[in-house]
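Here is how the chains run, residue by residue.
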Amino acid sequence: MSSFNSITIFVLADGIPRKSAADVTIRHMPGGSTSYIDIGGPQLQELDLSLYFPDSADAVSFEAQEGVVATLVVPDGTYTALLMTLTRTTRGLSTTGDTVLQAAFMLL
């Protein structure tokens with residue numbers, strides 16, 4: 001069973017499981033042929049998940065978690081995470097039906 005902030009979530013198998021990137025800054029000096037590259041190390045990892053809610057009212061309630069730092073429990077581990085963004089997708093014609101939220105978590 002998966003959860004965020006003790007709220008039960010259903011994680012779908014699609015989406016990108018985890019993203020990571022280097023923190024790199026490139027600064028070109030105007031009028032010259034010199035560029036400075038600063039390699040700051042790895043950025044925090046991001047976990048993108050598709051979350052299924054059988055009732056859209058539960059999805060609306062979960063949207064209040066955006067910006068919250070809490071414990072995220074998913075099949076591949078338990079993390080301290082920040083819920084950064086949510087994109088809401090409603091299936092079918094009714095807003096009272098099942099809903100999928102695309103969630104981006106920053107792993108702290």
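Residues numbered from 1 in each chain as written. Predicted model: local features only at pLDDT ≥ 70, side-chain atom pairs only at ≥ 80, totals over all residues. Heavy atoms only, no water.

*Asks:* Residues and numbers for the overall build of the protein chain, please.
*Replies:* Along the backbone of the protein chain there are one helix and eight strands. Ordering the α and β elements of the protein chain from the N terminus gives β-β-β-β-β-α-β-β-β. A compact globule built from 108 residues should have a C-alpha radius of gyration of about 13 Å, whereas the protein chain, at 18 Å, is more than 25% larger. Along the three orthogonal principal directions, the C-alpha set of the protein chain runs to about 60 × 30 × 25 Å. (Helix = DSSP H or I, 4+ residues; strand = E, 2+ residues; numbered from the N terminus. Rg over C-alpha atoms; globule rule 2.2 N^0.38 Å.)

*Asks:* Account for the packing of aromatic side chains, with residues named and values stated.
*Replies:* One pair of aromatic rings is described through two measures. These are the centre distance and the angle between the planes. Per the counting criterion, the structure on display carries three aromatic pairs. Judged by centre distance (6.2 Å) and plane angle (70 degrees), the ring pair of phenylalanine 4 and phenylalanine 62 falls under edge-to-face. In this pair, phenylalanine 4 is assigned in strand S1 (residues 2–4) and phenylalanine 62 in helix H1 (residues 56–62), connecting sequence segments 58 residues apart. The two residues phenylalanine 4 and phenylalanine 62 agree in class, both being buried. These aromatic residues form a ring-pair network of at least three members: Phe4, Phe53, Phe62 and Phe105. (Phe/Tyr/Trp six-rings, centres within 6.5 Å; stacked < 30°, edge-to-face > 60°. Buried < 20%, exposed > 50% of the residue type's maximum accessible area, 1.4 Å probe, protein only.)

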